[in-house]
Amino acid sequence: MKVVVVGSGGREHALALVLGRTAEVVVTPGNPGIPGSVPTPVEDLVAAGDVDLVVIGPEQPLVDGLADRLRAVGVRVLGPGADGARVEGSKAFMKELVTAAGVPTAGFATFDDAELAVAHLRSTPGPYVIKTDGLAAGKGVLVTTDLAEAEADVRAKLGGESFGSAGRRVVIEEHLSGPEVSVFAVCDGERTVCLPPAQDFKRVGDGDQGPNTGGMGAWSPLPFAPDDLAETVAKDFIEPTLAELRARGIDYRGVLYAGLMLTPDGPRLIEYNIRFGDPDSQVVLLRITSDLAELLAAAADGDLRAVPAPTFSNDTVVLVVVASEGYPESPRTGDPIAGLDEATAVAEVTMLTAGVAANEDNQLVTAGGRVLNAIGRGPDAVSARAQAYEAVGHLRWPGLHFRTDIATG
Ligand code: AMP
Ligand code: GLY
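Note that this is a predicted model, so its numbers are computed, not measured.

Draft legend 1. Structural view of the overall build of the chain. Per the secondary structure count, the chain includes 13 helices and 21 strands. For a compact globule of 409 residues, the expected C-alpha radius of gyration is about 22 Å, and the chain comes in at 21 Å, within 12% of that figure. The C-alpha extent of the chain, read off along each of the three principal axes, is 55 × 45 × 40 Å. The contacts in the chain between residues at least 6 apart in sequence include a share of 67% that link residues at least 24 apart. In the form shown here, the chain has an accessible surface area of approximately 15700 Å², with 50% of it arising from carbon and sulfur atoms. For the chain, the distance from the average site of its 33 positive side-chain charges to the average site of its 56 negative ones is 3 Å.

Draft legend 2. Geometry of the site of ligand 1. For ligand 1, the set of nearby residues contains 15 residues, the closest of which are Lys131, Glu174, Leu176, Glu180 and Glu271. Protein contact buries 92% of the 470 Å² of open area that ligand 1 shows by itself. For the shell around ligand 1, a count of residues per class yields 7 nonpolar, 1 polar and 7 charged.

Draft legend 3. Structural context of the nonpolar core. With 73 residues, the main nonpolar core has Val54, Ile238 and Tyr272 as its most contacted residues. Of all hydrophobic cores here, the second largest spans 47 residues; its members include Val5, Leu195, Leu286 and Leu292.

Draft legend 4. Quick look at the pattern of salt bridges. The tally for this structure, following the rule as stated, stands at 27 salt bridges. In this structure, the salt-bridge partner of aspartate 301 is arginine 76, at a minimum N-O distance of 3.0 Å. Separated by 225 residues along the polypeptide, aspartate 301 in helix α11 (residues 292-301) and arginine 76 in the loop between α4 (66-72) and β4 (77-78) bring together distant segments of the chain. Between arginine 305 and aspartate 303 there is a salt bridge whose closest N-O contact spans 3.0 Å. On the basis of relative accessibility, which here comes to 25%, the residue aspartate 303 falls in the partly exposed class.

Draft legend 5. Region of the structure containing the pairing of strand β8 (residues 170-173). Burial of β8 is two-sided: the residues Val170 and Ile172 facing one way and the residues Val171 and Glu173 facing the other way are all buried. Looking at chain direction, strand β5 (residues 108-111) and β8 are connected through 4 bridges and run antiparallel. Considered in β8, the bridge of threonine 110 is made with valine 171. Where strand β6 (residues 128-132) lies against β8, 4 bridges are found, and the strand directions are antiparallel. Within β8, the residue paired with valine 129 across the bridge is glutamate 173.

Draft legend 6. Spotlight on unusual backbone geometry. Residue proline 29 follows threonine 28 across a cis peptide bond; omega there is -5°. Relative to the helices and strands, proline 29 is located in strand β2 (residues 24-29). In this chain, glycine 126 is followed by proline 127 through a cis amide linkage whose omega measures -5°. Structurally, proline 127 is set in the loop between α7 (114-122) and β6. Of note in the backbone geometry, aspartate 208 takes a positive phi value of approximately 60° without being a glycine. The residue aspartate 208 is located in the loop between β12 (203-205) and β13 (209-212) in this model.

Draft legend 7. View of the site of ligand 2. Residues in contact with ligand 2, as listed here, are Asp200, Gly214, Tyr257, Asn273, Arg275, Gly277, Asp278, Pro279 and Asp280. Class assignment for the residues of the shell around ligand 2 results in 2 nonpolar, 3 polar and 4 charged.

Draft legend 8. Region of the structure containing the sheet that holds strand β15 (residues 253-263). Ordered by their spatial adjacency, 4 strands build an open sheet running β10-β9-β15-β16, and the pairing between neighbours is antiparallel. The open sheet terminates on both sides in strands that have one partner only, identified here as β10 (192-194) and β16 (266-273). Mean inter-strand twist for the sheet, computed between neighbouring axes without regard to direction, equals 30°. In this structure, strand β9 (residues 180-188) lies alongside β15, joined through 9 bridges in antiparallel fashion. Following the sheet pairing, cysteine 187 is matched in β15 by glycine 254. With respect to the sheet, helix α9 (residues 229-247) is in contact with β9, β10, β15 and β16, its orientation differing from that of β10 by roughly 145°.

Draft legend 9. Fine view of the pairing of strand β3 (residues 53-56). Taking every second residue as pointing to the same face, both faces of β3 are buried, with Leu53 and Val55 on one and Val54 and Ile56 on the other. Pairing analysis gives 4 bridges linking strand β1 (residues 2-7) to β3, with the strands arranged parallel. Residue pairing across strands places valine 5 opposite valine 55, the latter belonging to β3. Both β3 and β4 contribute to a ladder of 2 bridges, which runs parallel. Each bridged residue has a counterpart across the sheet, and for valine 54 the counterpart in β4 is valine 77.

Draft legend 10. Representation of the sheet that holds β5. Here 4 strands make up an open sheet; going across it, the order is β5-β8-β6-β7 and the pairing antiparallel. Edge positions in the sheet fall to β5 and β7 (141-144), since each of these pairs with one other strand and no more. Averaged over all neighbouring strand pairs, the angle between strand axes comes to 20°, with direction disregarded.

Rules of the game
- Residues numbered from 1 in each chain as written.
- Chains lettered and ligands numbered in written order.
- Predicted model: local features only at pLDDT ≥ 70, side-chain atom pairs only at ≥ 80, totals over all residues.
- Heavy atoms only, no water.
- Helix = DSSP H or I, 4+ residues; strand = E, 2+ residues; numbered from the N terminus.
- Rg over C-alpha atoms; globule rule 2.2 N^0.38 Å.
- Contact = heavy atoms within 4.5 Å.
- Areas by Shrake-Rupley, 256 points an atom, 1.4 Å probe, with all protein chains shown as cover.
- Lys, Arg positive; Asp, Glu negative; His and termini not counted.
- Charge placed at Lys NZ, Arg CZ, Asp CG, Glu CD.
- Near = heavy atom within 4 Å.
- Nonpolar A, V, L, I, M, F, W, Y, C, P; charged D, E, K, R; others polar.
- Core = buried A, V, L, I, M, F, W, Y, C linked by side-chain atoms within 4.5 Å.
- Buried < 20%, exposed > 50% of the residue type's maximum accessible area, 1.4 Å probe, protein only.
- Salt bridge = Lys/Arg side-chain N within 4 Å of Asp/Glu carboxyl O.
- Pairing = 2+ DSSP bridges.
- Axes fitted to C-alpha atoms, helices over the stretch in contact; angles between N-to-C directions.

These figures come from the coordinates and say nothing about function on their own.
What follows is the structure in structure tokens.
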């Protein structure tokens, strides 16, 4: 099977690695650390023939209709069309959809008008949860106990000062608490296979301090998650959502990523994304022991019954993101990366490249906020962490930073 993976980050590196065990893989545009990266646009790769499956990594091309354009020329694609992509592209659409589907989620109200939004905030005790409606790279959410800060945030978002048009509508949610987990559901339009849960560490600093990021680390399996969580999510969250989408004429063939909070009252949906999470899916993908290409192709074909259920290693996999100076506010780029070979040489470590580029001397340099992912594995979290952090210890560039508490709880 020949598979094209679309995207350029750590998630696409992990997909290429795991798909590459059973398929021939090309990544576009990829990055200089991902073998098989080519600059050729996916449309041209497909036009050249013999592509059996396209897997689209990031949300933006899905929101822009890339899956539709490829399906229109007869290509097998894993990823929803622009219609299904609204599940991530608009928080207001997602909340309305899952409420109609009966999926357990936080209560909410949607606002276009700042005065109405402020009046709503004042009528509730807090903490306050305010989200931009549109895509904001995981950074459009404010959770605060401070009413003045919450009011300033809705005014800035609805005034278009922060996030531009993505923020011109906000969703204000009921505040939930409990550990957060990610479940990746591979969907064929009707049926789903949910992969085991992972946890993402979203704040930039140790102890969940500082601003939200795209994710600073991840691990799987999770000792605190119920054993049957994947089945529960399939039955109570994903299947009803797929049925509601179908009722609206949307044939969702792709990954539906459920961001859940394990509250004292049971799991609640915080968000859906339309793709594998980054970095959280990487630790799950690296636990797969069955044929991932076959699984994703069956979902893209619309019949997951055609393949056996996937199998997973019992190893714990721990991922630590190594970020560039200034991430997430203003990542500095262009710094030469040292120590990658030494990090890669650590036993049981996989190094995946995310925000990297090659300079004129063909040396790897930082090219984004999240630069490298150090992934350790072992029979338990303690040994997997030790491997990952040993690898991190070899890396050098000015201003490099990482969390030191990934997978400790
Ligand atoms: P989201 O982009 O919707 O995943 O939100 C980003 C982060 O904000 C989540 O990972 C949570 O930590 C937090 N958050 C979102 N919604 C809620 C909520 N209803 N209650 C408490 N925290 C939330
Ligand atoms: N790390 C969360 C995401 O992929 O959106």
